[in-house]
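Coordinate inspection notes
Each chain is listed here by its residues.
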Amino acid sequence: MSQTPVLALRGIFKRFGAVQVLSGVDLEVHAGEVVALVGDNGAGKSTLVKTIAGVHPIDEGVIEWEGRPVEISRPQDSQNLGVATVYQDLALCDNLDVVANLFLGRELKKGGVLDEVAMEKRAKDLLSTLSIRIPSVRIPVAALSGGQRQVVAIARALVGDPKIVILDEPTAALGVEQTAQVLDLVERLREQGLGVILISHNMADVKAVADTVAVLRLGRNNGTFPVATTTHEEIIAAITGATDNAVTRRQARTAEVAQ
Amino acid sequence: MSTTPKATDEAPVPEPRTSEDVAAETPAAAAIPAVDPRLLVREQGFKGYVDEFKRKIRSGEIGSLPVVIGLIVIGVVFQALTGNFITSYNLDQITLYAAGPGIMAVGIVFVLLLGEIDLAVGSVAGLAGSVWGVLATDMPDSLAILLGILSGTLLGAFHGLVFAKIGVPAFVVTLAGFLGWAGLQTWVMGERSTIPTPIGSFVGDLTKYYFADVAAAYGLAVLVLAAFYLAQLRDSRRRKAAELPHRPHSEILLRTGVLAVLVLVAAYGFNQEKGLPLSLVIFLLILLVTDFVLRRTTYGRQVFAVGGGIEAARRAGINVAWIRTSVFMISGTLGAVGGLFLASATGGADRSLGGGNQLMMCIAAAVIGGTSLFGGRGKVWSALLGILVLQSIVQGLNQLNLESNAIQYMITGAVLLIAVIIDSVSRKTQKSAGRA
């Protein structure tokens, strides 16, 4: 893992009217690292992600990209840096086929005319490097299953060669097998050296693919844990706020040692 | 490595697998060959096409099938009733009167692709006709034509801006336009109820001029066929070079052959009468240009995207307001062009031009031809097919001396309803087949 994080947030503050949503949040994402962003409803996960995506500009704090401070005030700024966001509602055009959806907004052209052949070829290459299996890249997205739509949405994020991919609850609406497919895909993104920010409520998913868990609670950091050495209960405790005192933390530790 | 038993694996296997890997796979995944289903269809020859066709019908992808059946039924029924319906004279008459409403229907196709509707297209056509008529009396003809068409563009821009920027439903904006522009048309005409087409005006030629030389119709037919064949061949070659599924040469020849029969019979029919009508040439030109714009340009892709999912389009960086406004401008412009054809056919500008059932004819034509009312699905060619159906009915009824509007309105209404029912049912079937 590289020493300089690709993306680092330092002391991020964001306020909507009277509501202070984020107060001094830090977050680091390295290349080839999957960071799970967890927290209860209203903890500020979505807002934090939207500040990175440029939907909501930050009020205070520093965003560093590969060590340099940068300003993200519009979605385009974020995209230009190399951040791709896959929102929970996938926002695919049901009537368009897989190729058209992948390249929507950045179609490949040849002499001003859509270059369908080049787009189809690149779409196939992209899908095959991600081991995504889809019956045909020329069927409308409407004909795909929920899991297939999710992987198409993720693949779509990769067309612009990003360095950081943000996935907002990618498995929330999926069945067991489809969830496994998406988690496989997340692992392949990591293998390819991308930084992944994964928002999830599902601890099993987090434990399965994430390297680091960053917990938000009421708009503040409530701990960053390496997944390998952290138990399920410790993460849950951080989310619900049960670790707010030293006693519970100690109890949890002694219980683990006793086991 | 994960396996998806149900999905067909079309991608080449990314890494060499050990025998253990293969053994670990479910038999279903291993059994399905790694080809695109479309290729599979072709490899099975004729049977493959029949199976593909059956699958499409079952899953509700009927496309232009109902309208082709409709045209055959109309031909057979009127031929049986009148004894001389399928004649070159009728072909000529149908084409002549189809051009105006057909061009307006092309504009409607654009609007329907957004999932919206333009109820003002008839009034825009009428107003454009009268703007041209009034101006043509004391202005060079070409300038008057240009201003007439531009008036349509302007009205379309107005509809589009009120819809896209203020958020008034398109149905209401254009309903207001439907009434308002019809009123303005009467006001522009002033005291006169009709203004005859000035002698020598190009508008007169729109439905009166014929390329009488036999070579014109045949030449155009051959040109269209050659262009069609070469374009398909080129596309197939490029796809082959990129190792993508492509049409085999035999299929391209078959398609060109079917088109050749239709085009050459039509050319023969026109040559039996007065020759190749100018109106048809312009109509075809508009169809070709708009088809190119919709299918091969970024703009067209964006129109489909907005029709298929506004949120997705917006997130992809598409300027939704501009797409909406510009589509209504196209609809207004084509409405105005259609209005000039209507003026040409009726012999000049008229207070009632574009009124009556003109509007319904255009919308019905687009829908009958197979463009969905629900947005995101359709082709400009549906305007041609749909208007041929409607104009054939009108011509057949005229021949039966049933010229009164009563029967014609009822039949047109019924045909429109059937078309919308087919659209709705096919959409439902597509949904249940997981294709909508």
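Reading guide: rules and limits
- Every chain begins its residue count from 1, and numbering advances along the sequence as written.
- The naming scheme follows written order: chains are lettered A onward, ligands numbered 1 onward.
- The predicted origin of the model limits local features to residues at a pLDDT of at least 70 and limits the giving and counting of side-chain atom pairs to 80 or more, whereas totals for whole chains, interfaces and linings rest on all residues.
- Secondary structure is summarised from DSSP: a helix means a run of H or I of at least four residues, a strand means a run of E of at least two, and numbering begins at the N terminus for each.
- To sort residues by exposure, count the other C-beta atoms lying within 10 Å of each residue's C-beta; 20 or more gives buried, 12 or fewer gives exposed, and values between give partly exposed, all with C-beta atoms placed from the backbone.
- Residue pairs qualify as contacts under a 7 Å threshold applied to their C-beta atoms, which are placed from the backbone.
- Throughout, radius of gyration means the C-alpha value; the globule benchmark is 2.2 Å times the number of residues raised to the power 0.38.
- In plain words, the nonpolar core is the set of buried Ala, Val, Leu, Ile, Met, Phe, Trp, Tyr and Cys residues that C-beta atoms within 7 Å link up.
- For the purposes of this description, domain bounds are those given by an automatic or database domain assignment.
- One confidence number per residue, pLDDT, is output by the predictor and ranges from 0 to 100.
- Between the N-to-C directions of two axes lies an angle of 0 to 180 degrees, each axis being a line fitted to C-alpha atoms and, for a helix, fitted only over the stretch in contact.
- In this scheme the crossing of two helices becomes right-handed for a clockwise turn of the near helix relative to the far one and left-handed for an anticlockwise turn of less than a right angle.
- Asp, Glu, Lys and Arg are counted as charged, while Ala, Val, Leu, Ile, Met, Phe, Trp, Tyr, Cys and Pro are counted as nonpolar; the rest, among them Gly, fall into the polar class.
- One bridge is not enough; two strands pair if DSSP finds at least two bridges between them.
- Here, expected helix span is obtained from the residue count minus one, scaled by 1.5 Å.
- With respect to orientation, any angle under 35 degrees is reported as roughly parallel, any angle over 145 as roughly antiparallel, any angle of 65 to 115 as roughly perpendicular, and every other angle as oblique.

1. Observations regarding the overall build of chain B
- For chain B, the helix and strand inventory stands at 19 helices and four strands.
- Per-residue burial for chain B yields a buried fraction of 39% across its 436 residues.
- In chain B, the share of contacts with a sequence separation of at least 24, taken over all contacts with a separation of at least 6, comes to 77%.

2. Notes on the overall build of chain A
- A count of helices and strands for chain A gives nine helices and 12 strands.
- For 259 residues, the compact-globule formula gives about 18 Å, and the C-alpha radius of gyration of chain A, at 19 Å, lands near that figure.
- Residues classed as buried in chain A amount to 46% of the 259 residues present.

3. A look at the nonpolar core
- Counting 174 residues, the largest nonpolar core has A:Leu198 and B:Trp132 as the members making the most contacts within it.
- Each of domain 1 (87–212 + 274–432) and domain 2 (213–273) of chain B contributes no fewer than three residues to this core.
- Ignoring sequence-local partners within four residues, the contact set of B:Trp132 consists of B:Ala144, B:Ile145, B:Gly148, B:Val203, B:Leu340, B:Ala343 and B:Ala349.

4. Concerning the environment of A:Ile164
Residue and element names in this part refer to chain A.
- For Ile164, the position within the fold is in strand S9 (residues 164–168).
- According to the C-beta neighbour criterion, Ile164 is buried, with 23 such atoms within 10 Å.
- Considered as a pair, Ile164 and Leu102 are 62 residues apart in the sequence and their alpha carbons are 18 Å apart.
- Those residues within four positions of Ile164 in sequence are excluded, and the remaining contacts are Val6, Leu7, Val29, Gly82, Val83, Leu194, Gly195 and Ile197.

5. Observations regarding the confidence of the model for chain B
Residues and elements named next belong to chain B.
- Residues at a pLDDT of 70 or more form 86% of chain B, whose mean pLDDT is 84.
- Every residue in residues 1–36 is under pLDDT 50, and counting partners more than four places away or in other chains gives 41 contacts.
- The ipTM for the predicted assembly is 0.79, set against a pTM of 0.83.

6. With respect to the packing of helix H17 (residues 358–368) of chain B against helix H18 (residues 381–399) of chain B
All names here are of chain B.
- Following both chains from N to C, one finds H17 and H18 inclined at 115 degrees, their axes separated by 7 Å at the closest point. By crossing handedness, the relation of H17 to H18 is classed as right-handed. Within the contact between the two elements, H17 uses Met361, Ala364, Ala365, Ala366, Val367 and Ile368 and H18 uses Ser382, Ala383, Gly386, Ile387, Val389 and Leu390.
- Each residue belonging to the contact of H17 with H18 can be placed in one class, and the counts come to 10 nonpolar, two polar and no charged.

7. Looking at the sheet that holds strand S5 (residues 68–70) of chain A
Residues and elements named next belong to chain A.
- Taken together, four strands build an open sheet; the order of strands is S2-S1-S4-S5 and the sheet is antiparallel. Across the chains shown, the open sheet's two edge strands, defined by having one partner strand only, are strand S2 (19–29) and S5. The mean inter-strand angle of the sheet, taken between neighbouring strand axes irrespective of direction, is 30 degrees.
- Summarising the sheet, strand S1 (residues 7–16) and strand S4 (residues 60–65) pair through five bridges and their orientation is antiparallel. In the sheet register, Ala8 faces S4, and the bridge partner there is Glu64.

8. Notes on the domain arrangement of chain B
Residue and element names in this part refer to chain B.
- Under the domain assignment used here, chain B contains domain 1 (87–212 + 274–432) and domain 2 (213–273).
- Spacing between the C-alpha centres of domain 1 and domain 2 amounts to 27 Å.
- Taken together, the contacts link 10 residues of domain 1 with 10 residues of domain 2.
- Broken down by secondary-structure element, the contributors of at least two residues to the side of domain 1 that touches domain 2 are helix H6 (88–113) and strand S3 (276–277).
- For the side of domain 1 that touches domain 2, the leading source of residues is H6, giving four residues.
- Broken down by class, the residue content of the side of domain 1 that touches domain 2 amounts to six nonpolar, two polar and two charged.

9. Focus on the sheet that holds strand S6 (residues 83–86) of chain A
All names here are of chain A.
- Spatial strand order, S6-S9-S10-S3-S11-S12: six strands in an open sheet with mixed pairing. Each having just a single partner strand, S6 and strand S12 (220–226) make up the two edges of the open sheet. Within the sheet, the average angular offset between the axes of one strand and its neighbour, ignoring direction, is 20 degrees.
- Note: strand S3 (residues 34–39) against strand S11 (residues 212–217), five bridges, orientation parallel. Following the sheet pairing, Ala36 is matched in S11 by Val213.
- Of the strands in this sheet, S3, S6, S9, strand S10 (195–199) and S11 are in contact with helix H1 (residues 45–53), which crosses S9 at around 145 degrees.
- Relative to S10, helix H6 (residues 176–191) is tilted by about 150 degrees, and along the sheet it contacts S3, S9 and S10.

10. What to know about unusual backbone geometry
Residue and element names in this part refer to chain A.
- Even without being a glycine, Asp161 presents a positive backbone phi close to 50 degrees.
- Topologically, Asp161 is positioned in the loop between helix H5 (146–158) and S9.
- Located in the positive-phi region is Glu169, a residue other than glycine, with phi close to 45 degrees.
- Assessed through the 19 C-beta atoms surrounding it within 10 Å, Glu169 is described here as partly exposed.

11. Details of the pairing of S1(A)
Residue and element names in this part refer to chain A.
- In terms of strand pairing, S1 meets S2 through eight bridges, oriented antiparallel. Across the sheet, the residue bridging to Phe16 is Val19, located in S2.
- The turn joining S1 and S2, which pair antiparallel and follow one another in sequence, is formed by two residues; a positive phi near 60 degrees is taken by Gly17.

12. Brief notes about helix H16 (residues 320–346) of chain B
Residues and elements named next belong to chain B.
- Compared with the 39 Å implied by 1.5 Å per residue over 27 residues, the 39 Å span of H16 between its first and last C-alpha is a close match.
- H16 sits mainly inside the fold: 21 of its 27 residues count as buried.
- Immediately downstream of H16, the backbone of Gly347 shows phi near 90 degrees, a positive value.

13. Some words on the packing of H6(B) against helix H13 (residues 278–296) of chain B
All names here are of chain B.
- Orientation of H6 relative to H13, taken along the N-to-C sense of each, is 25 degrees, at an axis distance of 9 Å. Here H6 is positioned roughly parallel relative to H13, judged by the angle of their axes. Viewed along their axes, H6 and H13 form a crossing whose handedness is left-handed. Where H6 abuts H13, its residues Thr95, Leu96, Ala99, Gly102, Ile103 and Val106 lie against Ser279, Leu280, Ile282, Phe283, Ile286, Leu287 and Thr290.
- Taken together, the residues of the contact of H6 with H13 sort by class into nine nonpolar, four polar and no charged.

14. Thoughts on H1(A)
Residue and element names in this part refer to chain A.
- Counted residue by residue, H1 has nine buried out of nine residues, so it is predominantly covered.
- Three or more residues of H1 are buried, namely Lys45, Ser46, Thr47, Leu48, Val49, Lys50, Thr51, Ile52 and Ala53.
- Two residues or fewer past H1, Gly54 is found with a positive phi of approximately 85 degrees.

15. Some points on the environment of B:Lys165
- Here B:Lys165 lies in helix H8 (residues 141–166).
- By the C-beta count within 10 Å, which is 11 here, B:Lys165 ends up exposed.

16. Let's talk about the pairing of S11(A)
Residue and element names in this part refer to chain A.
- In terms of residue burial, S11 counts as a mostly covered element, since six of its six residues are buried.
- Of the two faces of S11, the one carrying Thr212, Ala214 and Leu216 and the one carrying Val213, Val215 and Arg217 are both buried.
- Of the pairings in the sheet, the one linking S11 to S12 comprises five bridges and is antiparallel in character. When the bridges of S12 are listed, Val213 appears paired with Phe225.
- Linking S11 to S12, which pair antiparallel, is a turn of two residues; within it Leu218 sits at a positive phi near 50 degrees.

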